[in-house]
Amino acid sequence: MKKMSIAGSIALAATCAVLAEEPVRVRPNILFVMVDDLSPKAVGYKEGFDFLKTPNVDRIAAEGARFDHMLVTTSLCSPSRASMLTGTYAHTHGVRYNETCDPDPALPTFSSVLQQAGYRTALIGKWHMAPGSGPRPGFDYWLSFEGQGEYFDPELNEDGTNYRAQGYITDILTEKTLRFMEQTQDQPFCVCLWHKANHGPFKPAPRHVDEFSGVLPAEPPTWNEIMADKPRWMRRERTYRPHYKAWMQSEGAPVPDRLSPKEWAGHPWVSEWADHLRCQLAVDESLGRIMDQLREQGRLDNTIVIFTADNGFFLGEHRRGDKRLAYEESMHIPFCIRYPQVIAPGTTVTELCANIDIAPTLLELTGVEVPQTMQGQSFLPLLEGRNVPWRDSFFYEYFQEKFAPGIPTMLAVRTDRWKFIHYPYETAERGDIDELYDLKNDPLEQHNRILDPELKSVKTMLKQKLDSAMDQVHYTEPPYRYAPPKIRAD
């Protein structure tokens, strides 16, 4: 017995020595920072605007990974947010439009899965799905507001109680996040800090109103695009506007074959966009404050830090503001992620990734099983630098909205080189042709080659990819389709 005891002690000591060499992995925290309506070039590391400095966003990209092609499956606030939560397409989760409904409750969200796995979860900021500012399932702490919210002295809902706060919304949300993390020391946390900024009407913090004064964004090369080879609806929409009343009144009105030039420097949009970029300064400061607190607490390197946007944003490209279209500026979002336990500093991911990939990635990073309902795929292997099979094309959908029927339902497929945009309810006979772009030779999407006979085989290939993608994700038709008013015959 004595000999066995000594042998057992030796074996136990050896086992402990081995275990001591393998540190126990602590489950990571998650800080998911998202802004509203941000151009993919409107962060410092993208160098789209030399006057715009975002050192804290840049730090995440430098110390972690930046994504060159993070795309949204629908470039619209509510659908994209629901896609990030559920890892599914808009036609699957049901949030096809803004401010209509929440995601299908039968679909798990990454926050609800993490909550069940022992995480303390929080939504702090913009929800913007079903009307109402009250708490939603999947979050232990809730602080939100109705719809788009207000930049100054906003009305907030904190865990079911409404009150009027004092101050600037970005700073208020930051303070609430700092307090939540301070009070969450005994278990891992997942906080979604989803800012109201940078949605219009743009109102920067008072301390930033004079930043880069007198400097305006440069005119994009496509600002005066004549759109002669684009679908007719685009020229009509730019001429008469897309909103319901204007669109209805423009039925039968002449549509120009090409658009005339317009001035850039004096256009009111340009100064508004300068304020849009100024709103980003408070967001960057917020990120710096939160990361500083995490570092002081010794938790920064065990926290997955994400910075992104709910959709892209046009800043004059193709004569546009807003988003919605299947063009690069609208589909792309800035995206960077820091987690030094997995991601090497300075990593650049060039593959086609999507907002529906975020949820499964976060769950895999935390060691939690990914629900089979999620249609995205974890990009953890890409963060680790592994050479793995990845998607060679990306499927996009946008659904015509009742308030702005001038922008039709569109479906698109994008590969590394090509993009095909299909308008299922528009007719080529009326001039509402589809679009085909060679992104290698025409990255600004200025030359629609849908009618080019030399690209017939490319068009066929892309149509097949689109059909295949629709089958794979079980695409369903939208419930709304604009019908022109009937003209009474007298």
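Residues numbered from 1 in each chain as written. Predicted model: local features only at pLDDT ≥ 70, side-chain atom pairs only at ≥ 80, totals over all residues. Heavy atoms only, no water.

**Student:** What should I look at first to understand the environment of Lys245 in this one?
**Tutor:** With respect to the helices and strands, the residue Lys245 is situated in helix 8 (residues 244-249). Judged by relative accessible area, which is 57%, Lys245 ranks as exposed. Residues Lys245 and Phe403, spaced 158 residues apart in sequence, show a C-alpha to C-alpha distance of 8.6 Å. (Helix = DSSP H or I, 4+ residues; strand = E, 2+ residues; numbered from the N terminus. Buried < 20%, exposed > 50% of the residue type's maximum accessible area, 1.4 Å probe, protein only.)

**Student:** How should helix 13 (residues 456-472) be read in this particular structure?
**Tutor:** Working note: α-helix, 3.6 residues per turn, so residues spaced by three or four point in the same direction. Here helix 13 contains 17 residues, and its C-alpha end-to-end distance of 24 Å stays within 8% of the 24 Å for a straight helix at 1.5 Å per residue. Listed in full, the buried residues belonging to helix 13 are Val458, Leu462, Leu466, Ala469 and Met470. Buried residues of helix 13 fall within an arc of 110 degrees about the axis and therefore sit on the same side. More than 90 degrees from the buried face of helix 13, the exposed residues found are Lys456, Ser457, Gln464, Asp471 and Gln472. A positive backbone phi angle near 55 degrees is found at His474, which sits one or two residues after helix 13. (Expected span 1.5 Å × (residues − 1). Arc of directions from axis to C-beta.)

**Student:** For this particular structure, what's the right way to read the pairing of strand 15 (residues 418-422)?
**Tutor:** Within a regular strand, side chains alternate between the sheet's two faces. The element strand 15 is largely enclosed, with a buried count of 4 among its 5 residues. Of the pairings in the sheet, the one linking strand 14 (residues 410-414) to strand 15 comprises 4 bridges and is antiparallel in character. For Arg414, the partnering residue across the bridge sits in strand 15 and is Lys419. Counting the residues between successive antiparallel strands, the hairpin from strand 14 to strand 15 contains 3 residues. As judged from the 4 bridges shared by strand 15 and strand 16 (residues 435-438), these two strands associate in the antiparallel manner. When the bridges of strand 16 are listed, Lys419 appears paired with Tyr437. (Pairing = 2+ DSSP bridges.)

**Student:** Help me understand the pattern of salt bridges, please; the structure alone is not making it clear to me.
**Tutor:** Where charged atoms from two side chains of opposite charge come close, those side chains can pair. According to the stated counting rule, one finds 33 salt bridges in the structure shown. We note a salt bridge from Glu328 to Lys419, for which the minimum N-O separation is 2.6 Å. Of the two residues, Glu328 sits in helix 10 (residues 328-331) while Lys419 sits in strand 15, which places them 91 residues apart along the sequence. In this structure, Arg391 and Asp357 form a salt bridge, with 2.7 Å as the shortest nitrogen-oxygen distance. Here Arg391 is found in the loop between helix 12 (380-383) and strand 13 (394-398), whereas its partner Asp357 is found in the loop between strand 12 (353-354) and helix 11 (358-365), with 34 residues between them in sequence. Accessibility expressed as a relative area gives 0% for Asp357, which makes it buried. (Salt bridge = Lys/Arg side-chain N within 4 Å of Asp/Glu carboxyl O.)

**Student:** I tried to follow the sheet that holds strand 7 (residues 161-164) on my own but got confused; where do I start?
**Tutor:** Each strand in a sheet pairs with its neighbour through backbone hydrogen bonds, running either in the same direction (parallel) or in the opposite one (antiparallel). Taking strand neighbours across the sheet as the criterion, the 10 strands line up as 7-6-5-4-8-1-9-10-2-11 in an open arrangement whose pairing is mixed. The open sheet has two edge strands with one neighbour each: strand 7 and strand 11 (347-349). Along the sheet, successive strands turn relative to each other by an average axial angle of 15 degrees, direction set aside. When strand 6 (residues 155-158) meets strand 7, the two strands line up antiparallel, connected through 4 bridges. Bridge pairing in strand 7 links Asn157 to Asn162. Against the sheet, helix 2 (residues 55-63) engages strand 2 (65-67), strand 9 (303-309) and strand 10 (335-338), with an angle of about 65 degrees to strand 10. Packing against the sheet, helix 6 (residues 169-182) makes contact with strand 1 (29-35), strand 4 (120-125), strand 5 (141-144), strand 6, strand 7 and strand 8 (189-194), and its axis sits at approximately 170 degrees to strand 4. (Axes fitted to C-alpha atoms, helices over the stretch in contact; angles between N-to-C directions. Contact = heavy atoms within 4.5 Å.)

**Student:** Just checking my understanding: could you explain the nonpolar core for this structure?
**Tutor:** Looking at soluble globular proteins, one finds that nonpolar side chains tend to be buried together. Ranked by size, the top nonpolar core spans 99 residues in total, and within it Phe32, Phe67, Phe110, Ile124, Phe307, Ile337 and Phe379 carry the most contacts. Sort the elements by how many residues they give to this core and helix 9 (residues 268-296) lands first, with 11 residues. Leaving out residues up to four positions away in the same chain, Ile124 has contacts with Tyr141, Leu143, Leu173, Lys176, Thr177, Phe180, Val191, Cys192, Leu193 and Trp194. With 47 residues, the next largest nonpolar core counts Leu71, Ile421, Met470 and Tyr475 among its residues. (Core = buried A, V, L, I, M, F, W, Y, C linked by side-chain atoms within 4.5 Å.)

**Student:** Please clarify how the packing of aromatic side chains should be interpreted in this entry.
**Tutor:** Each aromatic ring pair is described using two quantities: the centre-to-centre distance and the angle formed by the ring planes. Per the stated rule, a full pass over the model turns up 25 aromatic pairs. For the pair Phe32 and Trp194, a centre-to-centre distance of 5.6 Å together with 75 degrees between the ring planes defines the contact as edge-to-face. Here the residue Phe32 occupies a position in strand 1, and Trp194 occupies one in strand 8, the gap between them amounting to 162 residues. Pair check on accessibility: Phe32 and Trp194 agree, each one buried. With a centroid separation of 6.0 Å and an interplanar angle of 25 degrees, the aromatic rings of Tyr141 and Phe180 are classed as stacked. In this pair, Tyr141 is assigned in strand 5 and Phe180 in helix 6, connecting sequence segments 39 residues apart. As far as burial versus exposure is concerned, Tyr141 and Phe180 are alike and both buried. (Phe/Tyr/Trp six-rings, centres within 6.5 Å; stacked < 30°, edge-to-face > 60°.)

**Student:** What is the right way to read the pairing of strand 1 from this model?
**Tutor:** The element strand 1 is extensively covered by neighbouring structure, given that 7 of its 7 residues are classed as buried. As judged from the 7 bridges shared by strand 1 and strand 9, these two strands associate in the parallel manner. Considered in strand 9, the bridge of Val33 is made with Phe307. For strand 1 and strand 8, the ladder comprises 5 bridges, and the chain directions are parallel.

**Student:** Which parts of the structure should I look at to understand the packing of helix 6 against helix 9?
**Tutor:** Helix-helix packing is characterised by the crossing angle of the two axes and by the distance between the axes. Across the interface, helix 6 lies against helix 9 with an axial gap of 10 Å and an inter-helix angle of 15 degrees. By the criterion of interaxial angle, the relationship of helix 6 to helix 9 is roughly parallel. The handedness of the crossing between helix 6 and helix 9 is right-handed. Across from Thr170, Thr174, Glu175, Thr177, Leu178, Met181 and Glu182 in helix 6, the residues of helix 9 making contact are Ala282, Val283, Ser286, Arg289, Ile290, Gln293 and Leu294. Counted by class, the contact of helix 6 with helix 9 contains 6 nonpolar, 5 polar and 3 charged residues. (Parallel < 35°, antiparallel > 145°, perpendicular 65-115°, else oblique. Left-handed = near helix turned anticlockwise from the far one by under 90°. Nonpolar A, V, L, I, M, F, W, Y, C, P; charged D, E, K, R; others polar.)

None of this, on its own, says anything about what the molecule does.
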